[in-house]
Amino acid sequence: MVSMKDIANKCGVSVATVSKALNDHNDIGAKTKKEVRRIAKELGYFPNSSARALKTRRTYNIGVLFVDEGRSGLTHDYFANVLDSFKVTAEANGFDITFINCTSRKDRMSYLEHSLYRGVDGVVIACVDFYDPDVVELIHSELPVVTIDHVFDYRIAIVSDNIKGMHDLLHYVYENGHRRIAYIHGDDTSVTQNRLGSFYRTMEELGIDTPDEYVKSSFYRNPEKAAELTKELLELNNPPTCIVYPDDYSCIGGINAIKEKKLKIPRDISVVGYDGTYISQIMEPRLTTVKQDTKEIGKVAAEKLIKLIENPKTTLIEKIVIEGKMLNGASVGRVQ
């Protein structure tokens, strides 16, 4: 293994000079730095992460807590894109990524214990049961933490603007003449609460009375349940002319149920999704949906967590709302 002493001998300088050059100290000239780094690369030198951690009191490692109840893992369109953007930004700033888990063994570690065991500098939390005692323990710890799509009073939170997204979606549907609008929403999370609250408020603003049977409780990314509930809506005496789905993936299940009834989209009934996934824009008809800015959500989450790690005293604890964008597809027809 190549050491700093080997580099020093090759360059004809002291070990201290090599150390300062590699750590970008101001009292070393640019020419010396460049030569030391060139020789270090030539010899195949890599700094020891354990030694670096002892010196800086940082591991330059960020924990990612991601527990998808739907078991779709990193194929989950929305969170996969968010975490990819998070990873790219973290790595660009010199940080590595470690996934934090909570094993099912008897002697299992909690999320906090695993974070401490891995020596992470901070943790980003996404797509978990935020009321899980293990998650609450981590939230209450001294580790720097940033949450995605859930807000705690004393933690930085990065959230998609679900309230505006639902508002814009309903206004678009309304402008196309629809008054009988049903909503199949996801499971009980802060995201669902915001979207559902925005649904009722926007419908009230538009002067539309929503029958209870028009609002159905489902799950995110569950096309089978969405199909079942779609059939229930279609069998009502006064069925809706448009159905809002919890996400684009679930909407596919609804579309299949509509096709089974020999109905055409958007001639006979309109549908809208949420998330703006790739598949929603290549399917036929192209889905009207809200595209969440996953790239910006992941980027801002990484930037804020790194800032919290490096400058804990001056970093503000805040909720940052990232706005999405309406995608006017071809799944909403005009009602005269």
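Residues numbered from 1 in each chain as written. Predicted model: local features only at pLDDT ≥ 70, side-chain atom pairs only at ≥ 80, totals over all residues. Heavy atoms only, no water.

Colleague: Explain the overall build of the protein here, please?
Modeller: Each helix and strand in the protein was counted, giving twelve helices and twelve strands. The C-alpha atoms of the protein give a radius of gyration of 26 Å, which is well past the 20 Å a tight globule of 336 residues would have. Each of the 336 residues in the protein was classed as buried or not, and the buried ones make up 48%. A separation of at least 24 residues holds for 67% of the contacts in the protein among residues at least 6 apart in sequence. On the protein, roughly 17,900 Å² of surface is accessible, and the fraction owed to carbon and sulfur atoms is 50%. When the 44 positive and 47 negative side-chain charges of the protein are each reduced to one mean point, those points stand 8 Å apart. (Helix = DSSP H or I, 4+ residues; strand = E, 2+ residues; numbered from the N terminus. Rg over C-alpha atoms; globule rule 2.2 N^0.38 Å. Buried < 20%, exposed > 50% of the residue type's maximum accessible area, 1.4 Å probe, protein only. Contact = heavy atoms within 4.5 Å. Areas by Shrake-Rupley, 256 points an atom, 1.4 Å probe, with all protein chains shown as cover. Lys, Arg positive; Asp, Glu negative; His and termini not counted. Charge placed at Lys NZ, Arg CZ, Asp CG, Glu CD.)

Colleague: Which parts of the structure should I look at to understand the packing of helix α2 (residues 15-22) against helix α3 (residues 30-43)?
Modeller: The description of two packed helices rests on the angle between their axes and on the distance between the axes. As a packed pair, α2 and α3 sit with axes 9 Å apart at the nearest point and diverge in direction by 95°. It follows that α2 is roughly perpendicular to α3 by the angle criterion. Between α2 and α3, the residues in contact are Thr17, Val18, Ala21 and Leu22 and Thr32, Lys33, Val36, Arg37 and Ala40, respectively. A breakdown of the residues in the contact of α2 with α3 according to their chemical character gives five nonpolar, two polar and two charged. (Axes fitted to C-alpha atoms, helices over the stretch in contact; angles between N-to-C directions. Parallel < 35°, antiparallel > 145°, perpendicular 65-115°, else oblique. Nonpolar A, V, L, I, M, F, W, Y, C, P; charged D, E, K, R; others polar.)

Colleague: Would you take a moment to explain the packing of helix α8 (residues 162-175) against helix α9 (residues 190-205) for this structure?
Modeller: The contact between α8 and α9 brings their axes to 8 Å, and the two run at 40°. When the interaxial angle is binned, α8 and α9 end up oblique. At the point where α8 passes α9, the crossing takes the right-handed sense. For the pair formed by α8 and α9, the contact residues are Asn162, Ile163, Met166, His167, Leu170 and His171 on the first element and Val191, Asn194, Arg195, Ser198, Phe199, Arg201, Thr202, Met203 and Glu205 on the second. A per-class count over the contact of α8 with α9 returns six nonpolar, six polar and three charged. (Left-handed = near helix turned anticlockwise from the far one by under 90°.)

Colleague: Got a minute to help me understand empty space enclosed by the protein in this structure?
Modeller: Gaps between atoms show up when a probe of the same size as a water molecule is rolled over them. Using the criterion set out here, one finds one cavity of 30 Å³ or more in the structure. Empty space within the largest cavity amounts to approximately 40 Å³. As for the largest cavity, its lining consists of His76, Asp77, Tyr78, Arg221, Asp247, Tyr249, Asp275 and Thr277. Partitioned by chemical class, the residues of the lining of the largest cavity number two nonpolar, two polar and four charged. (1 Å grid on protein atoms, 1.4 Å probe; cavity = no way out; pocket = protein on both sides within 12 Å on 5 of 7 lines; lining within 4 Å. Points joined across faces, edges and corners; volume = space filled by probe spheres on them.)

Colleague: For this particular structure, what's the right way to read the pairing of strand β3 (residues 122-126)?
Modeller: For a regular strand, side-chain orientation follows a simple rule: the groups alternate between the two sheet faces. Here β3 lies mainly inside the structure; five of its five residues are buried. Burial along β3 is two-sided: Gly122, Val124 and Ala126 and Val123 and Ile125, pointing in opposite directions, are all buried. Pairing between β3 and strand β4 (residues 145-148): four bridges, direction parallel. Residue pairing in the sheet places Val123 in a bridge with Val145 of β4. (Pairing = 2+ DSSP bridges.)

Spatial relationships are all this shows, so hold off on functional conclusions.
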